[in-house]
Amino acid sequence: MKLEEGQKTLNSRIDDLDSSLNKRIDDLSGLTHTMLGGILTLLCGMIALTGFILWDRRTAISPVISKTKQLEERLEERENIILEALRKYALKEPIKRK
């Protein structure tokens, strides 16, 4: 009789331990999902930030490139004007050698 009562008590303690262990595993699973969600959120944020930086650099450099091309074209036009003036001057004034 006492042995059966002891077994029942032991079985109830094992069942309590099993249920508390299952509860802890479920809590750990929830924590795992939370951690995974946090890591994925940070990863997406870093990817978005990288994309924004690349877009911002491209839009910031674009006006500089177009302005540089304009300045190069103006410089090229001025060089052509100077070369043409020097050619005309060279036709009028021959080289004097000593």
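Structure's up top.
Keep in mind the model is a prediction, meaning the values are calculated, not measured.

Draft legend 1. Just the overall build of the protein chain, in detail. Across its full length, the protein chain carries 1 helix and 0 strands. Reported as C-alpha extents along the three principal axes, the dimensions of the protein chain are approximately 140 × 30 × 10 Å. Put simply, the protein chain has 98 residues, and 0% of those count as buried. Carbon together with sulfur atoms contributes 63% to the accessible area of the protein chain, which is approximately 9900 Å² in total.

Draft legend 2. The arrangement of the packing of aromatic side chains in detail. Considering all chains together, one arrives at 1 aromatic pair under this definition. Ring geometry for Phe52 against Trp55: centres 5.9 Å apart, planes inclined by 35°, an arrangement best described as tilted. With a gap of 3 residues between them, Phe52 and Trp55 both fall in helix H1 (residues 2-92), about one helical turn apart. Residue class for Phe52 comes out partly exposed when judged on its relative accessible area of 46%.

Calculation notes
Residues numbered from 1 in each chain as written. Predicted model: local features only at pLDDT ≥ 70, side-chain atom pairs only at ≥ 80, totals over all residues. Heavy atoms only, no water. Helix = DSSP H or I, 4+ residues; strand = E, 2+ residues; numbered from the N terminus. Buried < 20%, exposed > 50% of the residue type's maximum accessible area, 1.4 Å probe, protein only. Areas by Shrake-Rupley, 256 points an atom, 1.4 Å probe, with all protein chains shown as cover. Phe/Tyr/Trp six-rings, centres within 6.5 Å; stacked < 30°, edge-to-face > 60°.

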